[in-house]
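# Report on the structure
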Amino acid sequence: MITVEKNQSMYTESVQNYVSQVFETVKNRNPNESEFHQAVKEVFDSLIPVLVKNPQYISQAILERIVEPERVISFRVPWVDNQGNVRVNRGFRVQYSSAIGPYKGGLRFHPSVNASIIKFLGFEQIFKNSLTGQPIGGGKGGADFDPKGKSDGEIMRFCQSFMIELSKYIGPDTDVPAGDIGVGSKEIGFLFGQYKKMRGSLAGVLTGKGLGYGGSLARKEATGYGTVYFVEEMLKDNNLSFEGSTVVVSGSGNVSIYAIEKAMKLGAKVVACSDSNGYIYDKNGLNLEAVKRIKEVEKKRISTYVTDHPEAIYSENCNGIWTVPCDIALPCATQNEIDQKSAELLVSNGVKAIGEGANMPSTLEAVETFLENNILFAPSKAANAGGVSVSALEMAQNSARLYWTFEEVDSKLHAIMKSIYQNSKKAAQEYNAPGNLVVGANIAGFIKVADAMIEQGVI
Ligand code: NDP
Ligand code: 2IT
């Protein structure tokens, strides 16, 4: 008996060494890409027990293959600004994995975009899309273009130039981009118009389209609603709920606004939200209509909220939002917005649950802090999968040439989020990490992709 256990622990140690070696290779091959390294490390750490139990994943070099994108496209995006100056940005599309379906994932337009950010997002998208249960592979793209302060004409010209190149690589059955930070329905409209002009009207080539030309009802709401549905399941399982809870939601973009809306519908008091300049705190609960007006219609800074709401307080420094005491925190802005210090503050202020609406909003140390303190933690690739799920439903509607009602799409979204929660929970239990949804989501997402890769041979 003792020998069996000893052999087992020696084998586990050799698997750990193997995983460390593959990770070192990833770092050497992709130097200075800290976000990408972080995303890979989190997944690799979760997979050790899976590799111990399934040696075929090692012999088939699944880790070595899955970290290497099938294709990385980087391209020049020249455009002319309103003053007549020629401007140049860098565009990307990372077609990461087509093991279970066409590449699928958003486009991000933000000055911080680089290869590391697009690769971390694309890598996570593989497992997120697998978790949805829909037949979609992983991809991501974008550009270091800053839409802030640009006119509609400038944004249109940029999108047209971007699509002239991107159109060579995408298609309804090969790669289907959508939105992300800085890319909403306006940008998707310009991108779609240019694609249509070049290649014909193929509705299924992009998702997040306007409702008048192939978009799906509830896509706009999907990521925020989905995050709240996921957290609701997690809370229910632990005899907690949104009802009567105090909630803090970072960001004030697409994901944040609809996370706030659904949390409020479930009876929560949402007291704070933010943008990249600062955050607002309203102890009586935010006025969501005012936030929507400022961000969706007037496109102003969140600081202007206090003009009409003198009871609210605006503070510079967006990460200060984590000093606001709350029961539930929903980071919905960007990567690494919660570091260890912010995590410790949230814990000491009594937070009970974290739901990640943004992609990788907590650093590895912050996640560790939450788990060590038994805070309920809903990791991004599971919790924010509602957006891409409804994108896949949009593709299904486009193929069938029909439209579902808001209620139909919303109820499918709700069912998908519940099943992602259950599958992540089950995988965590099966691999001796009960309650650890980081491990559970990574494992459940990985196994389906790894098995599909093995069945399809070494390609
Ligand atoms: P939006 O562009 O609509 O909104 C982004 C929000 O986050 C804005 O309030 C923005 O403030 C803030 N923000 C962006 N970058 C930073 C930064 N570096 N520091 C602080 N705040 C920042 O994007 P989305 O709401 O679509 O995306 C938010 C997050 O959700 C991202 O992590 C995205 O990857 C993720 N996500 C989005 C999905 C979708 O369907 N849209 C699906 C799944 C995940 P400001 O206006 O000042 O820039
Ligand atoms: O991170 C994400 O899942 C998205 N930005 C949405 C992707 C999509 O294809 O809808």
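In this report, we go over the structure that sits alongside the text. Sequence order as written defines the numbering, with residues in each chain counted from 1. Labels follow written order: the first chain is A, the first ligand is 1, and so on. Local features in this predicted model are restricted to residues whose pLDDT is 70 or higher, and side-chain atom pairs enter the listing and the counts only when it is 80 or higher, whereas totals over whole chains, interfaces and linings include all residues. Derived side-chain values reflect all non-hydrogen atoms in the structure, with water molecules and hydrogen atoms excluded from consideration.

What counts as a ring pair is set by centres within 6.5 Å for rings of Phe, Tyr and Trp (its six-membered ring), and what kind of pair is set by the plane angle: stacked under 30 degrees, edge-to-face over 60, tilted for all other angles. Inspection of every chain in the model, using the stated rule, returns 18 aromatic pairs. Taken together, a centroid distance of 5.3 Å and an interplanar angle of 75° make the contact between Phe109 and Phe162 edge-to-face. Here Phe109 is found in strand β3 (residues 103-109), whereas its partner Phe162 is found in helix α6 (residues 152-166), with 53 residues between them in sequence. Counting every residue linked through ring pairs, the aromatic cluster contains Phe75, Trp79, Phe109, Phe145, Phe158 and Phe162. In this analysis the charged atom, NZ for Lys or CZ for Arg, is taken to sit over a ring once it is within 6 Å of the ring centre and within 35 degrees of the ring normal. The aromatic ring of Phe36 is capped on one face by Lys119, whose charged end is 5.0 Å from the ring centroid. Per the convention used, a helix needs a DSSP run of H or I reaching at least four residues, while a strand needs a run of E reaching at least two, with both numbered from the N terminus.

The geometry of helix α12 (residues 340-348) relative to helix α13 (residues 364-372) is characterised by a closest axis approach of 8 Å and an angle of 20° between their N-to-C directions. Put simply, α12 runs roughly parallel to α13. Relative to α13, α12 is oriented so that their crossing is right-handed. Counted together, Gln340, Ala343, Glu344, Leu346 and Val347 of α12 and Glu365, Ala366, Thr369 and Phe370 of α13 form the full contact between these two elements. In terms of residue class, the contact of α12 with α13 is made up of 5 nonpolar, 2 polar and 2 charged. In this description, a line fitted to the C-alpha atoms serves as the axis of each element, helices being fitted only across the stretch in contact, and the angle between N-to-C directions of two axes falls anywhere from 0 to 180 degrees. Here roughly perpendicular refers to angles of 65 to 115 degrees, roughly parallel to angles under 35, roughly antiparallel to angles over 145, and oblique to all remaining angles. Each crossing gets its hand from how the near helix is turned against the far one by less than a right angle, where anticlockwise is left-handed and clockwise is right-handed. In this analysis, two residues are considered to be in contact whenever any of their non-hydrogen atoms come within 4.5 Å of each other. Put simply, Ala, Val, Leu, Ile, Met, Phe, Trp, Tyr, Cys and Pro go in the nonpolar bin, Asp, Glu, Lys and Arg in the charged bin, and everything else, Gly too, in the polar bin.

Once that is clear, we can look at the site of ligand 2. The local shell around ligand 2 holds 14 residues, among which Lys104, Gln125, Lys128, Asp180 and Ser391 are the closest. We call two N or O atoms a polar contact when they sit within 3.5 Å, provided that within protein one can donate a hydrogen and the other can accept it, with sequence-adjacent residues counted only if both atoms are side-chain atoms. A distance of 3.0 Å separates an oxygen atom of ligand 2 from a polar side-chain atom of Lys140. Contact between ligand 2 and Gly179: a nitrogen atom at 3.0 Å from a main-chain N or O atom of the residue. Exposure was quantified through the Shrake-Rupley algorithm and a 1.4 Å probe, taking into account, for residues, occlusion by the shown protein chains and nothing else. Protein coverage of the free-state accessible area of ligand 2, which is 300 Å², stands at 94%. For the shell around ligand 2, the secondary structure elements donating two or more residues are β3, α5 (115-131) and α15 (386-400). Taken together, the residues that form the shell around ligand 2 break down as 2 nonpolar, 7 polar and 5 charged. Near is defined per residue: the residue qualifies when any heavy atom it owns lies within 4 Å of the molecule or strand.

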